[in-house]
Amino acid sequence: MKISFSPEDEQFRKEVAGWLKTNLTGEFEALRFRGGPGDEHSFPQERKLWEQHMAKAGWTCVGWPEQYGGRGLSINQQVIFNEEYARAGGPGHMSHIGEGLAGPTIIAFGTEAQKQKFLPGIVAGTEYWCQGYSEPGAGSDLANVKTKAALNDAGDQWVINGQKVWTSLAHESDWCFVIARTQPGSVGHKGLSFLLVPMDQSGIEVRPIEQLTATTEFNEVFFDNAVTDADNIVGQPGEGWKIAMALLGFERGVSTLGQQMQFRNELEGIVRIAKENGAAQNPAIRQRIADAWMGLKIMRYNSLRMLSGSEDGSLQREAMIYKLYWASWHADLGKLAMDVLGPDSELLESGPYELTRLQSMYLFTRSDTIYGGTNEIQRNIIAERALGMPKEPKGRQ
């Protein structure tokens, strides 16, 4: 993967930086550096307005093909866009699930009618998506999904029953892609389907989950005879596992670079505090800061290596280490932040439970090694799928 940029790329960088400098001001100034991990509950409506503002200037879905409303940017230019967005303090994307996961999956596997129906709302920043994967009894192990769906007697709607959990921003979403078991009696990876389900209906109940950070961007989602049109299925019935795995491949795409720029902003903030409060004079702290900086560089180079491969959503071997690596790195960064703060890490911003940004970041990073596939599951994926080792023995039934 090329990691230097042409004069044309650098000109594009100036264009992106200039637009952000001009537009991330006024009513949007308060959104700078907000809405990232641990802060996703902040300014949801204002961030939607910001994304609609970006859409009018053609700055959403920049990597999508032009025929579907994107800019068709090269990988290099997508890298630049994400770097400059984070450098300018662009707020966390409310449309991350739609733009980074649902949209690319529909483009790759959806029918032309589905593309015409679902993609324009994502590009315009007017329709938002959430992810219906994890379940209470299955965690993020999709092979144990229990949520069921079946066609009604008329054959024109899927009827869905079950429960999802840890559904980010479900209460702000218009649609949810749901992995459901559509083949009765099927087990494991077989018999699953990938359904696109409208959230605004009486058969869906969203319950917020209050976290250590006292925020509630995660939710439980209950499906009680919820419905979606029969043609709102991506792929064929029973192909849900294939589609779900491809979606995870898209998740390991360009958006990872934007995530890393947010990490860099966090690390720079920690370094600034370490210099101000003298923690940087501690050799052990200095070493940990250096380790964090090197880890972030390694993360970036591995992402560029991932992006040099296929763009069809296939999960490459180098992509299989990404979640385990960033989750462990970020959890360590949270601990570093608290150690740099020292005794101040135990003082609230204000009562009764107003956390500082770093306190909130630290508490949120406790979940990094769990959500989106636990570290244990990631290690199994690496062992079995990347290294070809024997599958983990299952316990007796």
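Residues numbered from 1 in each chain as written. Predicted model: local features only at pLDDT ≥ 70, side-chain atom pairs only at ≥ 80, totals over all residues. Heavy atoms only, no water.

> Quick question: what am I supposed to make of the overall build of the protein here?
The helix and strand inventory of the protein stands at eleven helices and eight strands. Against the compact-globule benchmark of 21 Å for 397 residues, the protein has a radius of gyration of 21 Å, which places it among compact chains. Among the 397 residues that make up the protein, the fraction classed as buried is 52%. For the protein, contacts bridging at least 24 residues in sequence account for 72% of all contacts bridging at least 6. Positive and negative side-chain charges in the protein, numbering 39 and 49 respectively, have mean positions lying 7 Å apart. (Helix = DSSP H or I, 4+ residues; strand = E, 2+ residues; numbered from the N terminus. Rg over C-alpha atoms; globule rule 2.2 N^0.38 Å. Buried < 20%, exposed > 50% of the residue type's maximum accessible area, 1.4 Å probe, protein only. Contact = heavy atoms within 4.5 Å. Lys, Arg positive; Asp, Glu negative; His and termini not counted. Charge placed at Lys NZ, Arg CZ, Asp CG, Glu CD.)

> Is there a simple way to think about the environment of Q78 in this case?
Secondary-structure assignment places Q78 in helix α3 (residues 75–87). Judged by relative accessible area, which is 11%, Q78 ranks as buried. Distance in space between the C-alpha atoms of Q78 and V62 is 7.1 Å, their sequence separation being 16 residues. With sequence-adjacent residues up to four places away left out, Q78 is seen in contact with G63, L73 and V254.

> What am I meant to see in the layout of surface pockets here?
Sizing a probe to match a water molecule and rolling it over the atoms shows the empty space that remains. Each pocket or cavity is described by its volume, and for the second largest pocket that value is around 770 Å³. Lining the second largest pocket are 33 residues, and of these F33, R34, D39, R357 and L358 lie nearest its centre. Looking at the lining of the second largest pocket, the element that brings in the most residues is helix α7 (residues 255–277), giving eight residues. Here the lining of the second largest pocket is built from residues that sort into eleven nonpolar, 14 polar and eight charged. In terms of domain composition, the lining of the second largest pocket takes at least three residues from each of domain 1 (7–93) and domain 3 (252–387). (1 Å grid on protein atoms, 1.4 Å probe; cavity = no way out; pocket = protein on both sides within 12 Å on 5 of 7 lines; lining within 4 Å. Points joined across faces, edges and corners; volume = space filled by probe spheres on them. Nonpolar A, V, L, I, M, F, W, Y, C, P; charged D, E, K, R; others polar. Domains from an automatic or database assignment.)

> How should the domain arrangement of the protein be read in this particular structure?
Many analyses report the size of an interface as the accessible area lost when the parts associate. Partitioning the protein into structural domains gives domain 1 (7–93), domain 2 (129–237) and domain 3 (252–387). Distance from the C-alpha centre of domain 2 to the C-alpha centre of domain 3: 29 Å. Between domain 2 and domain 3 the total buried area reaches about 630 Å² when both faces are included, carbon and sulfur atoms providing 71% of it. Taken together, domain 2 and domain 3 are joined by one residue pair in polar contact (both at pLDDT 80 or more). Here the residues of the side of domain 2 that touches domain 3 sort into three nonpolar, three polar and two charged. (Buried area = accessible area lost by both parts, 1.4 Å probe. Polar contact = N/O pair within 3.5 Å; in protein donor to acceptor, adjacent residues only side chain to side chain.)

> Just checking my understanding: could you explain the environment of S134 for this structure?
Among the secondary structure elements, S134 is positioned in the loop between β1 (129–132) and β2 (148–151). Note: C-alpha distance between S134 and L387 (253 residues apart in sequence) is 26 Å.

> Help me understand the pairing of strand β3 (residues 157–164) in this model?
Two faces make up the sheet, and in a regular strand the side chains alternate between them. Here β2 pairs with β3 via four bridges, running antiparallel. Residue K148 lies in a different strand from β3, and its bridge partner there is N161. Between β2 and β3, which pair antiparallel one after the other, the connecting turn spans five residues, and G155 there sits at a positive phi close to 75°. (Pairing = 2+ DSSP bridges.)

> How should the packing of helix α4 (residues 96–109) against helix α5 (residues 112–124) be read in this particular structure?
When two helices pack together, their arrangement is captured by the angle between the axes and the distance separating the axes. Contact geometry of α4 with α5 gives a least axis separation of 10 Å together with a crossing angle of 160°. By the angle between their directions, the pair α4 and α5 is classed as roughly antiparallel. In this structure, α4 meets α5 at a crossing whose hand is left-handed. For the pair α4 and α5, the contacting residues are G98, E99, G103, I106 and I107 in the first and Q114, K115, F118, L119 and I122 in the second. Looking at the contact of α4 with α5 residue by residue, the classes come out as five nonpolar, three polar and two charged. (Axes fitted to C-alpha atoms, helices over the stretch in contact; angles between N-to-C directions. Parallel < 35°, antiparallel > 145°, perpendicular 65-115°, else oblique. Left-handed = near helix turned anticlockwise from the far one by under 90°.)

> I would appreciate a short explanation of unusual backbone geometry in the present structure.
Both trends apply: most residues other than glycine have a negative phi, and most peptide bonds are in trans. The amide bond that connects G351 to the next residue, P352, takes the cis arrangement and shows omega of -10°. Here P352 is to be found in the loop between α9 (322–341) and α10 (357–365).

> I keep staring at the packing of α9 against helix α11 (residues 375–386) and nothing clicks. Help me out?
At their nearest, the axes of α9 and α11 sit 9 Å apart, and the two run at 145° to each other. The two elements α9 and α11 meet at a crossing, and its hand is left-handed. Taken together, the residues of α11 that come into contact with α9 (itself represented by K323, L324, A327 and S328) are N375, Q378, R379 and I382. The residue makeup of the contact of α9 with α11, split by class, is three nonpolar, three polar and two charged.

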